[in-house]
Amino acid sequence: MKQDFLKYQAQTSPHPLVLEVSHAKGSYIYDTKGNAHLDFVAGVSACSLGHCHPKVVTAIQEQTETYMHVMVYGEYVQQPAVAYTKLLASLLPDSLETTYMVNSGTEAVEGAIKLARRATGRSQLLAARHAYHGNTMGSLSLMGYEERKSAFRPLLPDVGFIEFNNEDDLKKITRKTAGVILETIQGGAGFIEPKNGYLKKVRQRCNETGTLLILDEIQPGFGRTGKLFAFEHYDCVPDILVIGKGMASGLPVGAFTASQKLMATLQDSPKLGHITTFGGNPVIAAACLATLKEITETQLISQTLIKEALVRKLLQHRLIKEIRGKGLMLALILENAEIANHLVLTCAKKGLILFWLLFEPKAVRISPPLTISTDEIESGCGIILEVLEGYKQ
Ligand SMILES: Cc1ncc(COP(=O)(O)O)c(C=O)c1O
């Protein structure tokens, strides 16, 4: 199967991990040789409730037996998406009441920047250096790494960059700026949190200039940082919230949320200002609904902070220079990239799944399912310490 994978499936890198998956359950992925791999990555923060959570599986099964795709987004009233967007609105600030469901994170970002341009009548978009918002042309244009995008130029015109956490740069937000897009906690850059009321200051500047603030919560969203959404930690409500990844606990999805008034601008001038075939798909929406109910009706969100404290207590080692992030969105910062690579690859051989961050080579991601148990955390951290202890410089 490995050879066919390498030949017939397009590859993203010359060094894929090539774990041959048999099945997955809870915090474990099982390979075709029968080995169990403890998952400290959760499909890169996507499987919030672990693998094949029974409530998500049941919701999907029931919906597939009722109806699947019946019409393009926005025409028919389909219960799963209606129930989901209504529940989501009840959990968000009043101004974030209307959600447009799409098929992936990057597509949600595309929708959000279109909305910002359409609603303000302005064209300039500002993003942060070292930002990652996805890989389609629009979100690629917002990526704060020239070397990863220069081969694909020309990209979107009128896109500028500001330094995350740099207050002086806020003057670049002007009356010409349609939208400022920021990750609430920068992911690919190394799990960088906003400091010294930064997001509130961005909010203030956006208010002064009539610019829309877009927060990308695709990674920190859905309870991962100890709040349903990370912006709740920083007392800053965006005009447009972008979500995805953990939203359906393992099915492809994304969405952007704004006020009804703002969102209405996509309905006309031009008519059908944003359309999609599969957005709001009932099977995916049923998985989203089951996931959101489980996350908000249990103690999973508050337990995230207890689990973070456990990881921080256990993972004390001279080669770990820092642990960044919040809740179960954590990154170990090692002394150098070589140690980070050694850790990821050696842990893989010992049955622990870890992964890199996109742009910070010294970092190793720990973003397990929110449902991970303390025993599983202890066992995974034990493997990490054993591998670091055995590392010969
Ligand atoms: C912050 C952020 N925005 C956008 C995306 C893109 O999401 P997707 O891969 O679902 O298109 C990601 C994916 O890693 C992300 O972390």
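The sections below set out a description of the structure shown in this document. Treat the numbers as computed from the prediction; the structure is a model and nothing was measured.

1. Focus on the site of the ligand
No. 1: Near the ligand, the surroundings consist of Ser104, Gly105, Thr106, Tyr132, His133, Gly134, Glu183, Asp216, Ile218, Gln219 and Lys245.
No. 2: Computed on the free molecule, the ligand has an accessible area of 390 Å², of which 81% lies beneath the protein chains in the complex.

2. Some words on the sheet that holds strand β4 (residues 98-102)
No. 1: The strand order β4-β10-β9-β8-β7-β5-β6 describes an open sheet built from seven strands, whose pairing is mixed. The open sheet has two free edges, formed respectively by β4 and β6 (159-162), since each of these has just one partner strand. Within this sheet the neighbouring strands show an average axis-to-axis angle of 20 degrees, counted without direction.
No. 2: With four bridges joining them, strand β5 (residues 124-128) and β6 adopt parallel strand pairing. Residue Leu126 lies in a different strand from β6, and its bridge partner there is Gly160.
No. 3: Against the sheet, helix α4 (residues 79-91) engages β4, β9 (240-244) and β10 (254-258), with an angle of about 130 degrees to β4.

3. Some points on a nonpolar patch on the surface
No. 1: Taken together, the side chains of Leu17, Leu345 and Phe355 make up a nonpolar region of the molecular surface, amounting to roughly 240 Å² of accessible area.
No. 2: Turning to its location among the elements, Phe355 is positioned in strand β14 (residues 355-356).

4. Considerations on the pairing of strand β12 (residues 329-334)
No. 1: Along β12, six of the six residues are buried, which leaves the element largely enclosed by surrounding structure.
No. 2: Every second residue of β12 is oriented toward a common face, with Met329, Ala331 and Ile333 on one face and Leu330, Leu332 and Leu334 on the other, all of them buried.
No. 3: Relative to β12, strand β11 (residues 320-326) runs antiparallel, the two sharing six bridges. Bridging across to β12, Glu322 finds its partner in Ile333.

What counts as what
Residues numbered from 1 in each chain as written. Predicted model: local features only at pLDDT ≥ 70, side-chain atom pairs only at ≥ 80, totals over all residues. Heavy atoms only, no water. Near = heavy atom within 4 Å. Areas by Shrake-Rupley, 256 points an atom, 1.4 Å probe, with all protein chains shown as cover. Pairing = 2+ DSSP bridges. Helix = DSSP H or I, 4+ residues; strand = E, 2+ residues; numbered from the N terminus. Axes fitted to C-alpha atoms, helices over the stretch in contact; angles between N-to-C directions. Contact = heavy atoms within 4.5 Å. Patch = residues over 30% accessible without salt bridge, like charges linked within 9 Å, V, L, I, M, F, W, Y side chains within 5 Å. Salt bridge = Lys/Arg side-chain N within 4 Å of Asp/Glu carboxyl O. Buried < 20%, exposed > 50% of the residue type's maximum accessible area, 1.4 Å probe, protein only.

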